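An overview of the molecular structure
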Amino acid sequence: MNLDIAQDRSIFFAGNAIKVSTDLSSLLDLIDSHLKYCITEPQPVVAEYKLTVAGDNTFLLSHNDGKFFFKGTLQVLFYLMQDGITRLNGAARLGPVIHAAALTHHDRGLILCGESGSGKSTLTAWLAAHGFGYLTDEVICLEGEEISGLTRSIVLKRGSAFVWQHWLGNPPAEGFLQFADGTTWINPTLFGADVCSRATPHTLIFPRYIPNAALHVEPLKPADALFRLMKGLVNARNFPDGGLAAASRLAKRVHAWQLTYSDLESATAWLQQTLAD
């Protein structure tokens, strides 16, 4: 294992940061690769994590809630990603945070909002490989007329492995990380995507993947879009109105659709045309 002088990484989203301190260079390299677009100068810190070596491939992670032992750097990284995002979401007061992916095309922002299993991350990766700019596959923050995102690596579950196998073949070690359960973290630039920090939303999509389904799109009224957006809001308690006003403004100014699909190429072609019109 590679040890060096202890260093800090501040991972930023929606006005706050978590700070990771360690002298383990292999973990720092992974953070720099898969959270590089979230790393920033010190911001208000909502959680601090300190990692030390406890034994052979065993690590002690200390933070606000106590101390935890992990086997291997991948377990540590996975925990940091999950716990850190939860804390950043919960602390965000810059604007409402919504569980959604976001991309850009022709300088127009595209939001993909859906529950787990809707095909959101799979579609995000496929669009990134088709030249869409990448903002996030996890959460967005509504900041006035714009959105920002937690710009981590794209996370694909085992069932979506066909995406990276199709586009990357034998992927390089840098920027590609695979876990024992088949989950992969992929730096969006491996798909050829440009990375952006914010966008002006134009189209809001609620995707629904159904095997063998024909492509079907249904326009949504602002009230319907708002209802669906509010179900994905994760920091409502931080606002007197629960984030309703900001979400309502978004629903009124975008083109909102429910997109049912099984074929990624058909869905991509429709989205390209919609964002070009």
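The structure contained in this document is the topic of the report that follows. Counting restarts for each chain, with residues numbered from 1 along the sequence as it is written. Thresholds applied to this predicted model are a pLDDT of at least 70 for local features of residues and 80 or more for the giving and counting of side-chain atom pairs; totals over whole chains, interfaces and linings are not thresholded and use all residues. Side-chain numbers come from the whole structure's heavy atoms, not from hydrogens or water.

1. Some thoughts on the sheet that holds strand β11 (residues 154-156)
Any two strands with at least two DSSP bridges between them are considered paired. A run of H or I in DSSP counts as a helix once it spans at least four residues, and a run of E counts as a strand once it spans at least two, with each numbered from the N terminus. One open sheet holds the three strands; their spatial order is β11-β13-β12, and the pairing between them is antiparallel. If you trace the sheet from one side to the other, it starts and ends with β11 and β12 (176-178), each paired once. Along the sheet, successive strands turn relative to each other by an average axial angle of 15°, direction set aside. Inspection of the sheet shows β11 paired to strand β13 (residues 184-186) by three bridges, in the antiparallel sense. Looking at β13, one finds that I154 is bridged to I186. Think of each axis as a best-fit line through the C-alpha atoms, taken over the contacting stretch in the case of a helix, with angles from 0 to 180 degrees between the N-to-C directions.

2. Topic: the pattern of salt bridges
Close approach of charged atoms allows side chains of opposite charge to pair. Salt bridge criterion: a side-chain nitrogen from Lys or Arg within 4 Å of a carboxyl oxygen from Asp or Glu. Following the criterion strictly, the structure yields nine salt bridges and no others. Measuring nitrogen to oxygen at the nearest pair gives 2.5 Å for the salt bridge that ties R87 to D65. With R87 in helix α2 (residues 73-91) and D65 in the loop between β4 (58-63) and β5 (66-71), the pair connects residues that are 22 residues apart, well separated along the chain. Accessibility here uses a 1.4 Å probe with only protein chains present; expressed as a share of the type maximum, an area under 20% marks a residue as buried, one over 50% as exposed, and anything in between as partly exposed. Given a relative accessible area of 18%, R87 falls into the buried group. Its relative accessible area of 55% is what places D65 among the exposed residues.

3. Considerations on empty space enclosed by the protein
Whether a set of points on the 1 Å grid over the protein atoms alone is a cavity depends on a 1.4 Å probe fitting there but being unable to get out, while an open set qualifies as a pocket with protein on both sides within 12 Å along at least five of seven lines; lining residues are those with an atom within 4 Å of a point. Grid points are joined across faces, edges and corners, and a volume is the space filled by probe spheres set on the points. Evaluation of the coordinates by the stated rule reveals one cavity of 30 Å³ or more. In this structure, the largest cavity encloses a volume near 70 Å³. Along the walls of the largest cavity sit I11, I18, L35, L80, M81, G84, I85, L88 and L150, which together make up its complete lining. In terms of residue count, the dominant contributor to the lining of the largest cavity is α2 (five residues). Only Asp, Glu, Lys and Arg are considered charged, only Ala, Val, Leu, Ile, Met, Phe, Trp, Tyr, Cys and Pro nonpolar, and every remaining residue, Gly among them, polar. Per-class residue counts for the lining of the largest cavity are eight nonpolar, one polar and no charged.

4. Some points on the pairing of strand β9 (residues 139-143)
The element β9 is largely enclosed, with a buried count of five among its five residues. Residues V139, C141 and E143 of β9 are buried on one face, and the alternating residues I140 and L142, pointing to the opposite face, are buried as well. Of the pairings in the sheet, the one linking strand β6 (residues 97-105) to β9 comprises three bridges and is antiparallel in character. In the strand pairing of β9, I98 is matched with I140. With four bridges joining them, β9 and strand β10 (residues 146-149) adopt antiparallel strand pairing. When the bridges of β10 are listed, E143 appears paired with E146. Connecting the antiparallel pair β9 and β10 is a turn made up of two residues, with G144 showing a positive phi of about 65°.

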